[in-house]
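Residue strings, one per chain:
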Amino acid sequence: MKRTVLALAATAALAVSGCAANANSSTGGGNEAAGDTLVAAYSEGGKTLDPAEANDVTSDTFVVAAYDQLVTYGRTEVDGKPKAKTDEIVPMLAESWQPSADNTSYTFKLRKDAKFQSGTPVTADAVVKTFAHIKASSSASFLYKMAGIKTVTKVDEHTVKIDLTAPNHLFLQILPMYSFSIIDMDKVQQNGGAKWLATNTAGSGPYSLTKWDPATEASMTRNDGYWGEKPKLRQVSVKFIAEASNRVQLLRKGEVGLALEVPPKDVQSLKSAEGVVIDSRASNKILFFAMNNKIAPFDDPRVRQAVSYAIPYEKLLNDVMKGEASPMKSAVASSTPGFSDAGYTYKYDLDKARALLAEAGLSKGFSFDFTLGSGFDDWNDDAVLIQAELAKIGVTMNIKKMARPQFLEALETKKVQSYITRWTSFVNDPGYHLGLLLTSQGSSNYANFSDPVVDKAWEQAATEPDVAKRNKLYGDAQQAINTKAPWAYLYEYNIVVAHRAGIDGYTSYPDGIVRFFQLSGAAK
């Protein structure tokens, strides 16, 4: 309680306004004259500013603000709201690119007016050095490999050639990710290397990060020398407030202009709050109950299927998520091109679950350990409901709670018997999603699922240029996964961003990252 009160008091004192006119604002008119500062509330402060190592929403947000990539995603409008168009790749630092006739190499022409925030021009040398950094990283190196990159070479001062190991439809879709941000590597080396990069930025992006204390707050200032469209917001402050109720309270009062990670129960009440706008949209963020396929009794698909029939799906959607989620019927989110629910037969049916357990020789049930990571109320509520249903078929689910950092470390051992976790595919493509999560070599395949049909289909799809044929292969993989049930599918989240009225320009991306340079307006 003490921690909660102190956090709230400190935040209220620091947050001058949610998004209001600033005494130091430019008087040049337009959007700068009023409402050029924004205070946002996030649940946590991030772990690193190194683009190649960043792997959480807060870190990714700062990277996207401070860096540019060679190319980026297009934008469109759906139901009157801006939305990313991830299958459309548009110029960023590269003003054009040309694939070879056999699609095994791409030549990128860099724009000549782009500079890093240090004032150093963005050149081919910087791109080559950046890709070497990515290749050597512990996190993004997997993406480097997934993109099929073989070599990156300088052609001239503003031209770069990237050779691939084979034609790869994921290559251009992966390049816009924050992991592939172009870094001023000379500045990094001058300041001591990777250790410095983990706590500082060296990009060419629309904002410079002027302060970052992961325990309290961060500040970003507009890069007035930015080569692209100048951001409307001159200053962005991000407060790190772990308690969701505090974030909601500050938003209600107008002391923050935007808040993330708003619990479903608060979404409903905020919809009627004066001056608050709830932007809730279907996403490709999924939640699943994973069962370790190498640990008994979950090494038997009939047991995993039995658990899938014991999930109280309607209760999870209605009682826990309050309608801010939708049914999940494949390992791939339904909004992903190539989605298929073939082989999905699961609904709440305890008799079917009992029959499957009997077939597996477990008619008297069994006991297992379930690890619950902290930080998300819905996970806890889901686990309690599932535990109660499993008890009805003689299965004892021992819930072991664990702090989130330890939980994430435990998953990486691939020895956790069962757990709930969520996943967002930043590249909205089955190849990216399945490759990381459910192929035998997937770096995030923490449930140890391994199936030759899935592996073969994924490998063939990677080099298949025909979209229809590629989606057929991905459909075959999904059908095999749906049938063998390495996970019980829980739901697909809505992405919810709550902000004060008057803030415009929010665009929904599959990665869930808010692009502050796209926002404008004064809070009301």
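Thresholds applied
- Residues numbered from 1 in each chain as written.
- Predicted model: local features only at pLDDT ≥ 70, side-chain atom pairs only at ≥ 80, totals over all residues.
- Heavy atoms only, no water.
- Helix = DSSP H or I, 4+ residues; strand = E, 2+ residues; numbered from the N terminus.
- Core = buried A, V, L, I, M, F, W, Y, C linked by side-chain atoms within 4.5 Å.
- Buried < 20%, exposed > 50% of the residue type's maximum accessible area, 1.4 Å probe, protein only.
- Contact = heavy atoms within 4.5 Å.
- Arc of directions from axis to C-beta.
- Pairing = 2+ DSSP bridges.
- Axes fitted to C-alpha atoms, helices over the stretch in contact; angles between N-to-C directions.
- UniProt positions renumbered as here; feature names shortened; annotations may be inferred.
- Phe/Tyr/Trp six-rings, centres within 6.5 Å; stacked < 30°, edge-to-face > 60°.
- Salt bridge = Lys/Arg side-chain N within 4 Å of Asp/Glu carboxyl O.

Brief notes about the environment of Ile 162
By secondary structure assignment, the location of Ile 162 is in strand β7 (residues 159-164). For the pair Ile 162 and Thr 151, spaced eleven residues apart in sequence, the C-alpha to C-alpha distance is 5.8 Å.

Let's talk about the nonpolar core
Formed by 129 residues in total, the largest nonpolar core has its most connected members in Phe 131, Ile 149, Ile 162, Phe 171, Phe 289, Trp 487 and Tyr 491. In contact with Trp 487, other than residues within four places in its own chain, are Ile 286, Phe 288, Phe 289, Ala 290, Met 291, Ser 308, Met 328, Ala 331, Leu 437, Leu 438 and Ala 447.

A look at helix α11 (residues 313-320)
Listed as buried for α11 are Tyr 313, Leu 316, Leu 317 and Val 320. Buried residues in α11, looked at end-on, bunch into an arc of 115°, giving them a common side. The first or second residue beyond α11 is Lys 322, which carries a positive phi of 55°.

As for the pairing of strand β9 (residues 217-222)
Walk down a regular strand and you will see the side chains alternate between the two sheet faces. In terms of burial, β9 is largely enclosed, as five of its six residues are buried. As judged from the six bridges shared by strand β8 (residues 207-213) and β9, these two strands associate in the antiparallel manner. Paired with Ser 208 across the strands is Thr 221, a residue of β9. Here β8 folds back onto β9, and the loop between the two strands holds three residues.

A few points about the sheet that holds strand β4 (residues 94-99)
Strand pairing in a sheet is mediated by backbone hydrogen bonds. Such pairs are either parallel or antiparallel. Pairing is antiparallel in the open sheet, where four strands are placed in the order β4-β5-β7-β6. Each end of this open sheet is capped by a strand with a single partner; those strands are β4 and β6 (149-156). Strand-to-strand twist of the sheet, defined as the mean angle between neighbouring strand axes without regard to direction, takes the value 20°. By the bridge criterion, five bridges tie β4 to strand β5 (residues 105-110) in an arrangement that is antiparallel. Bridged to Gln 98 within β5 is Thr 107.

Focus on the UniProt feature "domain: Solute-binding protein family" (unreviewed entry) in the protein
Mapped onto this numbering, the UniProt entry gives "domain: Solute-binding protein family" (unreviewed entry) at residues 88-444. Measuring from the first to the last C-alpha atom of residues 88-444 gives 27 Å, for a span that is 31% helix and 25% strand.

A short note on unusual backbone geometry
Across the junction of Ala 296 and Pro 297, the peptide omega takes the value 0°, indicating a cis bond. Checked against the element boundaries, Pro 297 lands in the loop between β12 (276-291) and α10 (301-309). Backbone geometry at Lys 414 places phi at a positive 60°, although glycine is not the residue there. Mapped onto the fold, Lys 414 is located in the loop between α14 (404-412) and β16 (418-424).

Topic: the packing of aromatic side chains
Inspection of the entire model under this criterion finds 22 aromatic pairs. For the pair Trp 487 and Tyr 489, a centre-to-centre distance of 6.5 Å together with 80° between the ring planes defines the contact as edge-to-face. Neither residue differs from the other here; Trp 487 and Tyr 489 are each classed as buried. Aromatic ring contacts, followed pair by pair, group Phe 288, Tyr 309, Tyr 344, Tyr 346, Trp 487 and Tyr 489 into a single cluster.

As for the pattern of salt bridges
Under the criterion given, the structure shown has 24 salt bridges. Between Glu 217 and Lys 211 there is a salt bridge whose closest N-O contact spans 2.9 Å. Given the relative accessible area of 8%, Glu 217 is considered buried. Under the relative-accessibility criterion, Lys 211 is labelled partly exposed at 37%. Asp 300 is the salt-bridge partner of Arg 302, the closest N and O atoms lying 2.9 Å from each other. A residue is classified by how much of its surface remains accessible, and Arg 302, at 31% relative accessible area, is partly exposed.

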